[in-house]
Amino acid sequence: MTDDSKASRPVAIDLAPMLTAPGVAAWQALDELADRVDIRQWMVAGGMMVMLHGQRYGVDLPRTTTDADVVVDVRAFGGTRCGALPRSWRSLGSLWRQARTE
């Protein structure tokens, strides 16, 4: 049986001990993206989401991820604002490149 009460309470999760330099750069790029695009329109996915859930529930992960996957709610953007996310990604180009190469 799991403790479902944890699921509804926000908590701070410290990933710093797990992250490599590319992982730190990827999180920094996501932080910049959050400053530019409403976070209700996209969310973290993939390996980073697995890391968050693992740390949240005390699961030791065999490895960390160094990329940043996001899921976009295209319905939230609408036709005229749909270009905001790709433009923000392009403007973050140096951070994305840093995340890939470090």
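Residues numbered from 1 in each chain as written. Predicted model: local features only at pLDDT ≥ 70, side-chain atom pairs only at ≥ 80, totals over all residues. Heavy atoms only, no water.

## A short note on the packing of aromatic side chains
Part 1 of the reasoning: Under the definition given, this model contains zero aromatic pairs.
Part 2 of the reasoning: If you follow Arg-56 out to its NZ or CZ, it ends over the ring of Tyr-57, 5.5 Å from the centre. (Phe/Tyr/Trp six-rings, centres within 6.5 Å; stacked < 30°, edge-to-face > 60°. Lys NZ or Arg CZ within 6 Å of the ring centre and 35° of its normal.)

## A short note on the environment of Asp-67
Part 1 of the reasoning: Relative to the assigned elements, Asp-67 resides in the loop between helix H2 (46–56) and strand E2 (69–72).
Part 2 of the reasoning: When its relative accessible area of 37% is taken as the criterion, Asp-67 is described as partly exposed.
Part 3 of the reasoning: Residues Asp-67 and Ala-26 lie 41 residues apart in sequence; the distance between their C-alpha atoms is 6.0 Å.
Part 4 of the reasoning: In this structure Asp-67 touches Ala-26 and Met-48, once residues within four positions along its chain are discounted.
Part 5 of the reasoning: Looking at Asp-67, its side chain comes within polar contact range of the side chain of Thr-65, at 2.7 Å. (Helix = DSSP H or I, 4+ residues; strand = E, 2+ residues; numbered from the N terminus. Buried < 20%, exposed > 50% of the residue type's maximum accessible area, 1.4 Å probe, protein only. Contact = heavy atoms within 4.5 Å. Polar contact = N/O pair within 3.5 Å; in protein donor to acceptor, adjacent residues only side chain to side chain.)

## Structural notes on the pattern of salt bridges
Part 1 of the reasoning: Following the criterion strictly, the structure yields two salt bridges and no others.
Part 2 of the reasoning: Here Asp-38 and Arg-40 are joined by a salt bridge, their closest N and O atoms 2.7 Å apart.
Part 3 of the reasoning: With a relative accessible area of 30%, Asp-38 lands in the partly exposed category.
Part 4 of the reasoning: Taking the relative accessible area as the measure of exposure, Arg-40 reaches 70% and is therefore exposed. (Salt bridge = Lys/Arg side-chain N within 4 Å of Asp/Glu carboxyl O.)

## Considerations on the environment of Pro-22
Part 1 of the reasoning: Structurally, Pro-22 can be placed in helix H1 (residues 21–36).
Part 2 of the reasoning: Pro-22 sits 43 residues away from Thr-65 along the chain, and the two C-alpha atoms are 8.6 Å apart.

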